[in-house]
Amino acid sequence: QPRLAEGNRREDIDMRKTLLVVAVFALAGSLFAADPIVGTWKVNVAKSSFGPGVQAPIREQTNIVQEAGPDRYEIIVTGILTSGTSFSYKAAYPKQGGATIGAQTMQSVLKILAPGDWCFTSLQDGKQTGVNRVVVGKDGKSAVQTGRSPDASGKLMEGVLLFEKQ
């Protein structure tokens with residue numbers, strides 16, 4: 001009889017070890033999963049707003065957010081202004097957040113508030129010029145960017161961009 005109890009105890013310990021190992025791997029996998037903001041996002045201009053009485057300054061815009069190695073994100077933005085002029089730029093940020101990598105006079109600082117919740121502060125010659133926050137929806141298929149930044153004339157512009165994941 002004591003052997004049976006000891007055998008059950010061993011099985012219980014083995015089962016607990018197995019469950020612990022499975023739980024650790026499951027947790028580790030979720031910790032290293034890509035941020036939900038990683039992907040290709042297109043602005044839905046019709047569902048976006050650019051402030052009272054302000055016409056949309058863009059005709060279209062696509063943002064590609066990708067992991068560029070183990071320690072940084074890369075963001076590529078392309079689009080067309082309502083004037084027909086195309087634009088594009090690329091920026092790299094440390095994964096733990098921080099200033100754009102390699103930027104000189106125009107810089108942006110990323111603060112990751114949570115996975116899928118990023119805040120960008122724009123700087124020109126060290127002075128803050130704008131703030132934008134991007135939050136991915138619970139569905140993972142939409143994101144909202146709210147922000148304030150000056151337009152070409154220096155007037156403060158507020159807007160809300162609705163992004164759809166491609």
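The following paragraphs examine the structure supplied in this document. Please read all numbers here as calculations on a predicted model, not as lab measurements.

**Brief notes about the overall build of the chain**
- Within the chain one finds one helix and ten strands.
- Its helices and strands in sequence order give the chain the pattern α-β-β-β-β-β-β-β-β-β-β, from N to C terminus.
- Counting only residues that meet the buried cut, the chain has 27% of its 166 residues in that class.
- For the chain, the proportion of contacts with a sequence separation of at least 24, taken over those separated by at least 6, is 30%.

**Things to note about the sheet that holds strand S10 (residues 156-165)**
- Strand order in the open sheet formed by ten strands is S4-S3-S2-S1-S10-S9-S8-S7-S6-S5, and the pairing between neighbours is antiparallel. Among the strands making up the open sheet, the edge pair consists of strand S4 (86-94) and strand S5 (98-99).
- Sheet topology note: the strand S9 (residues 142-150)/S10 ladder contains nine bridges and is antiparallel. The residue of S10 that forms the bridge with arginine 148 is glutamate 158.

**Here's the deal with the environment of alanine 92**
- Take alanine 92: it is sitting in strand S4.
- Those residues in contact with alanine 92 that sit more than four places away from it in its chain are Arg72, Tyr73, Glu74, Ala99, Thr100 and Ile101.

**Let's talk about the nonpolar core**
- Counting residues in hydrophobic clusters, the biggest one holds 21 residues, and the most contacted among them are Ile75, Trp118 and Phe120.
- At the level of secondary structure, the elements contributing two or more residues to this core comprise strand S1 (39-43), strand S2 (58-67), strand S3 (72-81), S4, strand S7 (117-124), strand S8 (127-136) and S10.
- The greatest single-element share of this core, amounting to three residues, is contributed by S3.
- Residues in contact with isoleucine 75, not counting those within four places in the same chain, are Ile64, Val65, Tyr89, Lys90, Ala91, Tyr93, Trp118 and Phe120.

**Quick word on unusual backbone geometry**
- Positive phi outside glycine occurs at aspartate 125, with the angle close to 50 degrees.
- Relative to the helices and strands, aspartate 125 is located in the loop between S7 and S8.
- You can call aspartate 125 exposed: its relative accessible area is 56%.

**Structural notes on the pattern of salt bridges**
- Per the stated rule, a full pass over the model turns up two salt bridges.
- For glutamate 67, the salt bridge identified is with lysine 95, shortest N-O distance 2.5 Å. Linking glutamate 67 in strand S2 with lysine 95 in the loop between S4 and S5, this pair joins segments that are 28 residues apart in sequence.
- Relative accessible area serves as the criterion here: at 37%, glutamate 67 is assigned to the partly exposed category.

Definitions and cut-offs
Residues numbered from 1 in each chain as written. Predicted model: local features only at pLDDT ≥ 70, side-chain atom pairs only at ≥ 80, totals over all residues. Heavy atoms only, no water. Helix = DSSP H or I, 4+ residues; strand = E, 2+ residues; numbered from the N terminus. Buried < 20%, exposed > 50% of the residue type's maximum accessible area, 1.4 Å probe, protein only. Contact = heavy atoms within 4.5 Å. Pairing = 2+ DSSP bridges. Core = buried A, V, L, I, M, F, W, Y, C linked by side-chain atoms within 4.5 Å. Salt bridge = Lys/Arg side-chain N within 4 Å of Asp/Glu carboxyl O.

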